[in-house]
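Examining the three-dimensional arrangement
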Amino acid sequence: MKLTPESKVLVQGIKEPLGAIHAALMKEYGTNVVAGISPGEGGQELNGIPIFDLVEQAIAVVGAIDISVIFVKAYSAVDAALEAIAAGIRQIVIVSQGIPPLDMVRLIRKAESTETSIVGPNSPGIIIPGKLLVGTHLSQVYTPGRVGIISRCSTLTSEVALQLTQAGIGQSISVGIGSDAIVGSSFVQWLQILDEDDNTEAIVLIGETGGSSEELAAHYIAETIDKPVIAYIAGRYAPKEKPLSHGSAIIGFFSAELGTKTGTTESKIAAFESAKIKIAPRPSAIPEMVQKVLKPPKKKK
(Lines give C-alpha, C1' and ligand atoms only; values in the text may rest on other atoms or scores of the structure.)
Protein backbone atom coordinates (compact mmCIF):
# COMPACT_ATOMS: atom_id res chain seq x y z
CA MET A 1 0.00 0.00 0.00
CA LYS A 2 1.06 3.57 -0.71
CA LEU A 3 0.06 5.66 2.28
CA THR A 4 0.92 9.33 2.75
CA PRO A 5 -0.71 12.28 4.53
CA GLU A 6 -1.71 13.53 1.08
CA SER A 7 -3.54 10.30 0.13
CA LYS A 8 -7.16 11.02 -0.85
CA VAL A 9 -9.55 8.97 1.27
CA LEU A 10 -13.16 8.03 0.51
CA VAL A 11 -15.64 6.78 3.12
CA GLN A 12 -18.25 4.36 1.78
CA GLY A 13 -21.14 4.14 4.21
CA ILE A 14 -20.49 7.59 5.65
CA LYS A 15 -24.06 7.86 6.98
CA GLU A 16 -23.83 4.54 8.83
CA PRO A 17 -23.37 5.16 12.58
CA LEU A 18 -19.73 4.00 12.64
CA GLY A 19 -19.01 5.65 9.31
CA ALA A 20 -20.26 9.03 10.48
CA ILE A 21 -18.29 8.90 13.73
CA HIS A 22 -15.01 7.72 12.26
CA ALA A 23 -15.12 9.86 9.12
CA ALA A 24 -15.12 12.86 11.46
CA LEU A 25 -12.34 11.38 13.62
CA MET A 26 -10.21 10.58 10.58
CA LYS A 27 -10.61 14.12 9.27
CA GLU A 28 -9.85 15.57 12.70
CA TYR A 29 -6.64 13.50 12.81
CA GLY A 30 -5.51 15.13 9.59
CA THR A 31 -6.47 12.42 7.10
CA ASN A 32 -7.40 13.85 3.71
CA VAL A 33 -11.02 12.63 3.66
CA VAL A 34 -12.32 14.07 0.39
CA ALA A 35 -15.76 12.47 0.01
CA GLY A 36 -18.32 10.04 1.39
CA ILE A 37 -20.77 7.68 -0.27
CA SER A 38 -24.35 7.12 0.87
CA PRO A 39 -26.80 6.13 -1.88
CA GLY A 40 -29.86 8.37 -1.95
CA GLU A 41 -28.22 11.11 0.12
CA GLY A 42 -25.94 12.70 -2.47
CA GLY A 43 -25.63 16.46 -2.35
CA GLN A 44 -25.43 16.62 1.46
CA GLU A 45 -22.38 17.21 3.67
CA LEU A 46 -21.23 15.64 6.92
CA ASN A 47 -18.61 17.50 8.96
CA GLY A 48 -17.61 19.35 5.81
CA ILE A 49 -17.23 16.12 3.80
CA PRO A 50 -19.32 16.11 0.58
CA ILE A 51 -21.61 13.09 0.12
CA PHE A 52 -22.30 11.39 -3.19
CA ASP A 53 -24.60 8.57 -4.30
CA LEU A 54 -21.94 6.74 -6.31
CA VAL A 55 -18.17 6.42 -6.23
CA GLU A 56 -17.81 7.51 -9.85
CA GLN A 57 -19.74 10.70 -9.05
CA ALA A 58 -17.32 11.49 -6.23
CA ILE A 59 -14.31 10.92 -8.46
CA ALA A 60 -15.76 13.20 -11.13
CA VAL A 61 -15.76 16.03 -8.59
CA VAL A 62 -12.73 15.39 -6.32
CA GLY A 63 -10.47 13.54 -8.77
CA ALA A 64 -8.71 10.19 -8.39
CA ILE A 65 -9.02 8.61 -4.94
CA ASP A 66 -6.25 6.59 -3.29
CA ILE A 67 -8.03 4.72 -0.49
CA SER A 68 -11.61 3.71 0.30
CA VAL A 69 -12.71 2.86 3.84
CA ILE A 70 -15.88 0.76 3.89
CA PHE A 71 -18.42 0.88 6.74
CA VAL A 72 -21.50 -0.42 4.92
CA LYS A 73 -23.51 -3.39 6.21
CA ALA A 74 -21.96 -6.84 5.80
CA TYR A 75 -24.15 -8.05 2.95
CA SER A 76 -23.46 -4.90 0.92
CA ALA A 77 -19.77 -4.47 1.77
CA VAL A 78 -18.39 -6.53 -1.11
CA ASP A 79 -20.61 -4.70 -3.61
CA ALA A 80 -19.20 -1.44 -2.22
CA ALA A 81 -15.65 -2.74 -2.60
CA LEU A 82 -16.31 -3.90 -6.17
CA GLU A 83 -17.75 -0.47 -6.99
CA ALA A 84 -14.57 1.16 -5.66
CA ILE A 85 -12.38 -1.20 -7.70
CA ALA A 86 -14.43 -0.51 -10.85
CA ALA A 87 -13.83 3.21 -10.26
CA GLY A 88 -10.06 2.68 -10.14
CA ILE A 89 -9.42 2.69 -6.38
CA ARG A 90 -6.64 0.23 -5.59
CA GLN A 91 -6.41 0.43 -1.79
CA ILE A 92 -9.42 -0.65 0.28
CA VAL A 93 -9.96 -1.00 4.03
CA ILE A 94 -13.06 -2.92 5.12
CA VAL A 95 -14.22 -2.18 8.66
CA SER A 96 -17.52 -4.09 8.24
CA GLN A 97 -17.59 -7.49 9.90
CA GLY A 98 -19.41 -10.74 9.23
CA ILE A 99 -19.14 -10.63 5.44
CA PRO A 100 -20.26 -13.96 3.89
CA PRO A 101 -17.16 -16.04 3.06
CA LEU A 102 -18.13 -16.66 -0.57
CA ASP A 103 -18.52 -12.92 -1.07
CA MET A 104 -14.97 -12.46 0.20
CA VAL A 105 -13.67 -15.17 -2.12
CA ARG A 106 -15.24 -13.31 -5.04
CA LEU A 107 -13.74 -10.01 -3.88
CA ILE A 108 -10.25 -11.45 -3.37
CA ARG A 109 -10.26 -12.90 -6.89
CA LYS A 110 -11.21 -9.50 -8.30
CA ALA A 111 -8.60 -7.77 -6.14
CA GLU A 112 -5.87 -10.12 -7.37
CA SER A 113 -6.78 -9.56 -11.01
CA THR A 114 -6.76 -5.76 -10.58
CA GLU A 115 -3.74 -5.54 -8.22
CA THR A 116 -5.93 -4.06 -5.48
CA SER A 117 -4.84 -4.19 -1.84
CA ILE A 118 -7.55 -5.21 0.63
CA VAL A 119 -7.29 -4.84 4.42
CA GLY A 120 -10.06 -6.52 6.40
CA PRO A 121 -12.90 -7.23 6.79
CA ASN A 122 -13.54 -6.79 10.51
CA SER A 123 -10.49 -4.53 10.65
CA PRO A 124 -9.67 -1.31 12.53
CA GLY A 125 -7.70 -0.31 9.45
CA ILE A 126 -4.31 1.39 9.38
CA ILE A 127 -2.71 4.20 11.33
CA ILE A 128 0.62 5.90 10.71
CA PRO A 129 0.92 7.83 13.98
CA GLY A 130 1.01 11.57 13.51
CA LYS A 131 0.36 11.32 9.77
CA LEU A 132 -2.61 9.22 8.66
CA LEU A 133 -5.61 7.37 10.08
CA VAL A 134 -7.82 5.19 7.88
CA GLY A 135 -10.26 3.18 9.97
CA THR A 136 -11.21 3.05 13.63
CA HIS A 137 -7.90 2.92 15.53
CA LEU A 138 -7.88 4.84 18.83
CA SER A 139 -5.45 7.52 17.74
CA GLN A 140 -4.89 8.80 21.29
CA VAL A 141 -2.99 5.64 22.30
CA TYR A 142 -0.43 6.01 19.50
CA THR A 143 2.72 8.07 19.20
CA PRO A 144 5.19 8.30 16.28
CA GLY A 145 8.15 5.97 16.50
CA ARG A 146 9.99 2.94 15.12
CA VAL A 147 7.84 -0.11 15.96
CA GLY A 148 5.36 -1.60 13.50
CA ILE A 149 2.30 -3.50 14.76
CA ILE A 150 0.44 -6.15 12.78
CA SER A 151 -2.60 -7.66 14.46
CA ARG A 152 -5.73 -9.78 14.06
CA CYS A 153 -7.45 -8.39 17.17
CA SER A 154 -8.69 -4.77 17.27
CA THR A 155 -8.87 -4.45 21.05
CA LEU A 156 -5.45 -5.96 21.66
CA THR A 157 -3.96 -3.68 19.00
CA SER A 158 -4.99 -0.65 21.04
CA GLU A 159 -3.83 -2.29 24.27
CA VAL A 160 -0.36 -3.03 22.91
CA ALA A 161 -0.02 0.42 21.34
CA LEU A 162 -0.93 2.00 24.69
CA GLN A 163 1.58 -0.19 26.54
CA LEU A 164 4.31 0.84 24.10
CA THR A 165 3.40 4.53 24.27
CA GLN A 166 3.38 4.52 28.07
CA ALA A 167 6.85 2.96 27.97
CA GLY A 168 8.09 5.75 25.70
CA ILE A 169 8.23 3.54 22.59
CA GLY A 170 6.58 5.03 19.50
CA GLN A 171 5.05 3.24 16.54
CA SER A 172 5.76 3.58 12.81
CA ILE A 173 2.51 1.96 11.66
CA SER A 174 -0.26 -0.24 13.03
CA VAL A 175 -2.32 -2.54 10.80
CA GLY A 176 -5.32 -4.64 11.76
CA ILE A 177 -5.55 -7.34 9.09
CA GLY A 178 -9.03 -8.36 10.28
CA SER A 179 -10.44 -11.27 12.22
CA ASP A 180 -13.15 -12.66 9.96
CA ALA A 181 -12.61 -16.17 8.59
CA ILE A 182 -11.42 -14.87 5.21
CA VAL A 183 -9.45 -11.63 4.98
CA GLY A 184 -7.90 -9.73 2.10
CA SER A 185 -4.30 -9.40 3.29
CA SER A 186 -2.19 -11.60 5.51
CA PHE A 187 0.48 -11.44 8.19
CA VAL A 188 2.99 -12.58 5.57
CA GLN A 189 2.17 -9.71 3.19
CA TRP A 190 2.44 -7.08 5.91
CA LEU A 191 5.60 -8.61 7.36
CA GLN A 192 7.20 -8.15 3.95
CA ILE A 193 5.98 -4.53 3.77
CA LEU A 194 7.31 -3.66 7.23
CA ASP A 195 10.59 -5.48 6.65
CA GLU A 196 11.14 -3.15 3.69
CA ASP A 197 9.89 -0.03 5.49
CA ASP A 198 12.72 2.36 6.38
CA ASN A 199 10.69 3.82 9.28
CA THR A 200 10.19 0.47 11.00
CA GLU A 201 12.98 -1.02 13.10
CA ALA A 202 11.10 -3.77 14.97
CA ILE A 203 7.78 -5.55 14.50
CA VAL A 204 5.14 -6.68 16.99
CA LEU A 205 2.82 -9.42 15.71
CA ILE A 206 -0.44 -10.01 17.61
CA GLY A 207 -2.24 -13.24 16.85
CA GLU A 208 -5.05 -15.26 18.35
CA THR A 209 -6.45 -18.76 18.34
CA GLY A 210 -8.06 -20.07 15.14
CA GLY A 211 -6.82 -20.42 11.57
CA SER A 212 -3.25 -21.05 10.48
CA SER A 213 -2.02 -17.54 9.66
CA GLU A 214 0.28 -17.34 12.68
CA GLU A 215 1.97 -20.65 11.86
CA LEU A 216 2.55 -19.45 8.30
CA ALA A 217 3.88 -16.13 9.64
CA ALA A 218 6.32 -17.89 11.98
CA HIS A 219 7.77 -19.90 9.11
CA TYR A 220 8.00 -16.80 6.90
CA ILE A 221 9.75 -14.77 9.61
CA ALA A 222 12.33 -17.49 10.16
CA GLU A 223 13.03 -17.80 6.44
CA THR A 224 12.79 -14.19 5.25
CA ILE A 225 12.45 -11.37 7.79
CA ASP A 226 15.62 -9.58 8.88
CA LYS A 227 14.13 -7.24 11.48
CA PRO A 228 13.43 -8.38 15.06
CA VAL A 229 9.89 -9.64 15.67
CA ILE A 230 8.09 -9.98 19.00
CA ALA A 231 4.93 -12.13 18.92
CA TYR A 232 1.98 -12.31 21.27
CA ILE A 233 -0.73 -14.97 20.86
CA ALA A 234 -4.04 -14.34 22.61
CA GLY A 235 -6.05 -17.28 23.91
CA ARG A 236 -3.48 -19.05 26.06
CA TYR A 237 -5.98 -19.25 28.92
CA ALA A 238 -9.20 -19.39 26.91
CA PRO A 239 -11.54 -22.32 27.66
CA LYS A 240 -10.75 -25.18 25.31
CA GLU A 241 -14.19 -26.79 25.43
CA LYS A 242 -15.99 -24.10 23.43
CA PRO A 243 -15.33 -22.09 20.23
CA LEU A 244 -14.69 -18.36 20.47
CA SER A 245 -16.64 -15.67 18.63
CA HIS A 246 -14.34 -14.76 15.72
CA GLY A 247 -15.02 -16.74 12.58
CA SER A 248 -11.43 -17.89 12.17
CA ALA A 249 -11.32 -18.96 15.81
CA ILE A 250 -14.45 -21.08 15.36
CA ILE A 251 -12.90 -22.76 12.31
CA GLY A 252 -9.73 -23.39 14.28
CA PHE A 253 -11.71 -24.92 17.15
CA PHE A 254 -13.42 -27.49 14.95
CA SER A 255 -10.15 -28.21 13.11
CA ALA A 256 -8.55 -28.98 16.45
CA GLU A 257 -11.49 -31.23 17.35
CA LEU A 258 -10.87 -33.19 14.16
CA GLY A 259 -7.25 -33.72 15.12
CA THR A 260 -5.42 -31.25 12.85
CA LYS A 261 -2.26 -29.63 14.12
CA THR A 262 -2.97 -25.95 13.46
CA GLY A 263 -5.41 -23.41 14.81
CA THR A 264 -4.82 -23.80 18.54
CA THR A 265 -2.96 -21.36 20.72
CA GLU A 266 -0.49 -24.11 21.57
CA SER A 267 0.28 -24.86 17.91
CA LYS A 268 0.90 -21.18 17.21
CA ILE A 269 3.19 -20.72 20.19
CA ALA A 270 5.04 -23.89 19.23
CA ALA A 271 5.50 -22.56 15.68
CA PHE A 272 7.08 -19.33 16.94
CA GLU A 273 9.25 -21.16 19.46
CA SER A 274 10.43 -23.55 16.74
CA ALA A 275 11.34 -20.54 14.59
CA LYS A 276 13.20 -19.00 17.59
CA ILE A 277 10.94 -15.93 17.60
CA LYS A 278 10.48 -14.20 20.96
CA ILE A 279 6.97 -14.63 22.40
CA ALA A 280 5.52 -12.28 24.99
CA PRO A 281 3.63 -14.07 27.79
CA ARG A 282 1.27 -11.09 28.18
CA PRO A 283 0.75 -7.67 26.52
CA SER A 284 2.41 -5.81 29.39
CA ALA A 285 5.67 -7.70 28.72
CA ILE A 286 5.93 -6.46 25.14
CA PRO A 287 7.50 -3.01 25.77
CA GLU A 288 10.46 -4.41 27.71
CA MET A 289 11.04 -7.08 25.06
CA VAL A 290 10.85 -4.51 22.27
CA GLN A 291 13.21 -2.16 24.06
CA LYS A 292 15.87 -4.87 24.14
CA VAL A 293 15.85 -5.29 20.36
CA LEU A 294 15.66 -1.61 19.39
CA LYS A 295 18.83 0.18 18.49
CA PRO A 296 19.57 3.36 20.49
CA PRO A 297 18.19 6.40 18.63
CA LYS A 298 20.74 8.33 16.63
CA LYS A 299 21.96 11.45 18.36
CA LYS A 300 21.31 14.70 16.56
CA LYS A 301 24.45 16.58 15.61
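1. A look at the overall build of the protein
Tallying secondary structure elements over the protein gives 10 helices and 14 strands in all. Relative to its full complement of 301 residues, the protein shows a buried share of 51%. Partitioning the intrachain contacts of the protein with sequence separation of at least 6 by distance along the chain shows that 73% fall at a separation of at least 24. On the protein, roughly 14,100 Å² of surface is accessible, and the fraction owed to carbon and sulfur atoms is 54%.

2. Description of the pairing of strand β1 (residues 8-12)
Of all the 5 residues making up β1, 4 are buried; the element is thus mostly covered by neighbouring parts of the structure. The pairing of β1 with strand β2 (residues 32-37) spans 5 bridges and is parallel. Bridge pairing links Leu10 to Ala35 in β2. Where the polypeptide runs from β1 across helix α1 (residues 17-29) and back to β2, its parallel neighbour, the crossover connection is right-handed. Examined bridge by bridge, β1 and strand β5 (residues 67-70) share 4 bridges and lie parallel to one another. By the bridge assignment for β5, Gln12 is matched with Ile70.

3. Section: α1
Along its 13 residues, α1 runs 19 Å from first to last C-alpha, staying within 8% of the 18 Å computed at 1.5 Å per residue. What α1 keeps buried is the set Gly19, His22, Ala23 and Met26. For α1, the angular spread of buried residues about the axis comes to 115°, placing them on one side. More than 90 degrees from the buried face of α1, the exposed residues found are Pro17 and Glu28. The positive-phi residue at the C-terminal boundary of α1 is Gly30, with phi of around 115°.

Reading guide: rules and limits
Residues numbered from 1 in each chain as written. Predicted model: local features only at pLDDT ≥ 70, side-chain atom pairs only at ≥ 80, totals over all residues. Heavy atoms only, no water. Helix = DSSP H or I, 4+ residues; strand = E, 2+ residues; numbered from the N terminus. Buried < 20%, exposed > 50% of the residue type's maximum accessible area, 1.4 Å probe, protein only. Contact = heavy atoms within 4.5 Å. Areas by Shrake-Rupley, 256 points an atom, 1.4 Å probe, with all protein chains shown as cover. Pairing = 2+ DSSP bridges. Right-handed = clockwise from strand over helix to strand, strands pointing away. Expected span 1.5 Å × (residues − 1). Arc of directions from axis to C-beta.

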